[in-house]
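# Chain and residue survey
So you can see what is in the structure, the chains are spelled out below.
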Amino acid sequence: MTPDRYRQCLAILGRSLVDFASMRALARYLSIDNGSARRYGFGRKAIPANLAAWLEMLVAAPDRYHALDLHPFPEGWHTTAPTDPPEPEAHAQAIRISA
């Protein structure tokens, strides 16, 4: 995938998947450094093949939300996205147990 195509895919997805309206938004979603997402877009870093395939799949899908549900990340992608915070009662219980 070329940097131009990468930016084009983000522009297309930004019209239907607001979360991907920018390189920064994609970086946040994929839990990657914002600088990496920008380097992909400006040709300073090679776009990983699995990321390119995933973006093309989303662009080609007639129902992008359904495609994103089925394939939330590029194949083989390792995300470090934070988990949801614990429920307040569960958190309070954990504090009481550890005290």
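One structure accompanies this document, and this report is about it. (Residues numbered from 1 in each chain as written. Predicted model: local features only at pLDDT ≥ 70, side-chain atom pairs only at ≥ 80, totals over all residues. Heavy atoms only, no water.)

## Re a positive patch on the surface
A cluster of basic residues, Arg24, Arg28, Arg38 and Arg44, forms a positive patch on the protein surface. Following the sequence through the fold, Arg44 ends up in the loop between helix 3 (34-41) and helix 4 (49-60). Residue classification places Arg44 among the exposed residues on the basis of a relative accessible area of 64%. (Patch = residues over 30% accessible without salt bridge, like charges linked within 9 Å, V, L, I, M, F, W, Y side chains within 5 Å. Areas by Shrake-Rupley, 256 points an atom, 1.4 Å probe, with all protein chains shown as cover. Salt bridge = Lys/Arg side-chain N within 4 Å of Asp/Glu carboxyl O. Lys, Arg positive; Asp, Glu negative; His and termini not counted. Charge placed at Lys NZ, Arg CZ, Asp CG, Glu CD. Helix = DSSP H or I, 4+ residues; strand = E, 2+ residues; numbered from the N terminus. Buried < 20%, exposed > 50% of the residue type's maximum accessible area, 1.4 Å probe, protein only.)

## Details of the pattern of salt bridges
Taken as a whole, this structure holds three salt bridges when the rule is applied. Its salt-bridge partner being Arg7, residue Asp4 comes within 2.3 Å of it at the nearest N-O pair. Residue Asp4 and its partner Arg7 are located together in helix 1 (residues 3-16), separated by three residues, close to a single helical turn. On the basis of relative accessibility, which here comes to 51%, the residue Asp4 falls in the exposed class. In this structure Arg7 comes out as partly exposed when scored by relative accessible area, which is 32%. Ionic pairing is found between Arg39 and Asp33, a salt bridge with its closest N-O pair at 3.8 Å. Overall, the relative accessible area of 34% leaves Arg39 in the partly exposed class.

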